[in-house]
Amino acid sequence: MRRHQQGANMKIGLLTSGGDCPGLNAVIRGAVLNGVKKYGYEFVGFRDGWRGVVEGDYMDLPRQKVRGLASQGGTIIGTSRTNPFDGPNGGPENIEIMMERHGIDAIVAIGGEGTLAGAKRLADAGLPVIGVPKTIDNDLRATDYTFGFDTAVSIATEAMDRIRTTGESHHRCMVAEVMGRHVGWIALHSGMAAGAHAILIPEVKVSMEQVAEWVKEVHDRGRSPLVVVAEGFIPEGFDDVMANKGTEKDGRPRLGGIGEYITHEIEKMTGIETRNTILGHIQRGGAPTGYDRVLATRLGMGAVDMVAQKQWGKMVSVQGTEIKYVPLEEALDGLKSVPQERWDEAAVLFGR
């Protein structure tokens, strides 16, 4: 198959899959510029994630197409939650035929746990696939940070700063619901940055009585309490997340309602007027921070270096400040959750 060749006439396909996040375009730019300037590679972008792969739907990505991309949010090649093994055109045999037909020598899959799991299965089947970790929640193992996380924390922190001013004016308790289906990294970091008086995350069960006590202590001191809650937080006494918004296309429950529940319970238990703000997709949008632009660019460049070295079945990661290559299975060995000691550290600042 053509993919075994190596040299300046290699053609590499990029895809972005799963939820969008700031920094995806910077990865694309870093990969294309490094590949063109250092190796003379050609690039295409599969449209809408794995859908574009299984359908052979892609766009050319010449150098001029990626100019100025580092500062743009979203992804110019689109994304979806399509599974590369679904449908009549899915699976390694069909994808291999597609690559042969279009002269594509390698695939760089930019995505989170589901995307990288699919990439690993394809690599295990012998296809030349490399991964770039992407999760705004910062919950992937084998990499210290993922791009988009710093931007989400910055957006959430700024929103909380604004929420607090109106809370102080009206002597209200303010509840901010942030992203975090399974882990609470965004809630922890943005909550600490904004000086939250309680941070509620999926990893730690907390009773509503305890939350109400923290809120009352702060209010009694003449302050406006700020409570930050991750969307996947499960209060003590509950068995599952609140998901009253139906299901996603991939079958996952669409989370929603925890912020409203917390707000209602605080007001009922303390008598303090309480308001809820759900930040939602605001956290995903807009331009990435400088940190995320640099990280995403370096990861994109590193992925192309991996292609040159035929490091199939691996992903590029950052450990400390160094770019490392790690097997995909290391990233897929469970989620990177917030350790108890990190929450305990923050909890010293709650309430009083």
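Residues numbered from 1 in each chain as written. Predicted model: local features only at pLDDT ≥ 70, side-chain atom pairs only at ≥ 80, totals over all residues. Heavy atoms only, no water.

- With an unreviewed UniProt entry as reference, the protein is termed ATP-dependent 6-phosphofructokinase, source organism Rothia mucilaginosa.
- Among the UniProt annotations of the protein, the heading Catalytic activity (unreviewed entry) holds the following wording: "beta-D-fructose 6-phosphate + ATP = beta-D-fructose 1,6-bisphosphate + ADP + H(+)".
- Note on the protein: under the UniProt heading Subunit (unreviewed entry), the record states "Homodimer or homotetramer." (UniProt positions renumbered as here; feature names shortened; annotations may be inferred.)

1. Side note on the domain arrangement of the protein
In step 1: Structurally, the protein comprises domain 1 (11–147 + 288–332) and domain 2 (149–284).
In step 2: Between the C-alpha centres of domain 1 and domain 2 the distance comes to 33 Å.
In step 3: Facing the 16 residues of domain 1 at the interface are 16 residues of domain 2.
In step 4: The junction of domain 1 with domain 2 conceals about 1,300 Å² of combined surface from both sides, 54% of it contributed by carbon and sulfur atoms.
In step 5: Across the domain 1-domain 2 interface, the total number found is 0 salt bridges.
In step 6: Looking at the side of domain 1 that touches domain 2 residue by residue, the class counts come to 7 nonpolar, 4 polar and 5 charged. (Domains from an automatic or database assignment. Contact = heavy atoms within 4.5 Å. Buried area = accessible area lost by both parts, 1.4 Å probe. Salt bridge = Lys/Arg side-chain N within 4 Å of Asp/Glu carboxyl O. Nonpolar A, V, L, I, M, F, W, Y, C, P; charged D, E, K, R; others polar.)

2. Considerations on helix H1 (residues 24–39)
In step 1: Helix length check: H1 (16 residues) gives 22 Å between terminal C-alpha atoms against 22 Å at 1.5 Å per residue, within 8%.
In step 2: Residues of H1 that are buried include every one of Leu24, Asn25, Ala26, Val27, Ile28, Gly30, Ala31, Val32, Asn34 and Gly35, and no others.
In step 3: Those residues of H1 that are buried are in contact with strand S1 (11–16), strand S2 (42–46), strand S4 (106–111), strand S5 (129–133) and helix H9 (290–308).
In step 4: Among the residues trailing H1, Gly40 stands out with phi positive, at a value near 75°. (Helix = DSSP H or I, 4+ residues; strand = E, 2+ residues; numbered from the N terminus. Expected span 1.5 Å × (residues − 1). Buried < 20%, exposed > 50% of the residue type's maximum accessible area, 1.4 Å probe, protein only.)

3. Some remarks on a nonpolar patch on the surface
In step 1: A contiguous nonpolar surface patch, about 290 Å² in accessible area, is contributed by Met192, Val348 and Leu349.
In step 2: Checked against the element boundaries, Val348 lands in the segment after helix H11 (340–347). (Patch = residues over 30% accessible without salt bridge, like charges linked within 9 Å, V, L, I, M, F, W, Y side chains within 5 Å. Areas by Shrake-Rupley, 256 points an atom, 1.4 Å probe, with all protein chains shown as cover.)

4. Some details on the UniProt feature "binding site: ATP" (unreviewed entry) in the protein
In step 1: As annotated by UniProt and renumbered to match this structure, "binding site: ATP" (unreviewed entry) occupies Gly19, Arg81, Thr82, Gly112, Glu113, Gly114 and Thr115. Despite a sequence span of 97 residues, these residues sit close together in the fold, their greatest C-alpha distance being 13.2 Å.
In step 2: Of note, Gly19 is situated in the loop between S1 and H1.
In step 3: The class of Gly19 is buried, set by a relative accessible area of 11%.
In step 4: Other than its neighbours up to four places away in sequence, Gly19 contacts Arg81, Lys134 and Arg284.

5. Considerations on the nonpolar core
In step 1: Grouped together as the largest cluster of nonpolar side chains are 79 residues, with contacts concentrated most on Leu14, Val132, Phe147, Leu200, Val227, Ile262 and Ile266.
In step 2: Composition of this core by domain shows at least three residues from each of domain 1 (11–147 + 288–332) and domain 2 (149–284).
In step 3: Core analysis: the next-biggest nonpolar cluster, separate from the first, contains 24 residues, Val54, Leu116, Val129 and Ala331 among them. (Core = buried A, V, L, I, M, F, W, Y, C linked by side-chain atoms within 4.5 Å.)

6. As for the sheet that holds strand S7 (residues 198–200)
In step 1: Across the sheet, 4 strands lie side by side as S7-S8-S6-S9; this open sheet has parallel pairing. Looking at the sheet topology across the chains shown, the edges are occupied by S7 and strand S9 (274–278). With direction set aside, neighbouring strand axes in the sheet form an average angle of 15°.
In step 2: Pairing of S7 with strand S8 (residues 226–230) involves 3 bridges; the strand directions are parallel. Paired with Leu200 across the strands is Val229, a residue of S8.
In step 3: Docked against the sheet, helix H5 (residues 149–170) engages strand S6 (173–178), S8 and S9, running at close to 160° with respect to S6. (Pairing = 2+ DSSP bridges. Axes fitted to C-alpha atoms, helices over the stretch in contact; angles between N-to-C directions.)

7. Overview of the pattern of salt bridges
When charged atoms on two side chains of opposite charge get close, those side chains can pair.
In step 1: Using the criterion set out here, one finds 13 salt bridges in the structure.
In step 2: In this structure, Lys120 engages Asp124 in a salt bridge whose closest nitrogen and oxygen atoms are separated by 2.7 Å. Taken together, the positions of Lys120 and Asp124, both in helix H4 (residues 113–124) and 4 residues apart, correspond to about one turn of that helix.
In step 3: Salt bridges sharing partners connect three or more residues here, namely Arg47, Asp48, Arg51, Glu55 and Asp57.

8. Digging into the environment of Ile155
In step 1: With respect to the helices and strands, Ile155 occurs in helix H5.
In step 2: Each C-alpha atom, one on Ile155 and one on Gln311, is 35 Å from the other, the two residues being 156 residues apart in sequence.
In step 3: The residues contacting Ile155, other than those within four sequence positions of it, are Ile282, Gln283 and Gly285.

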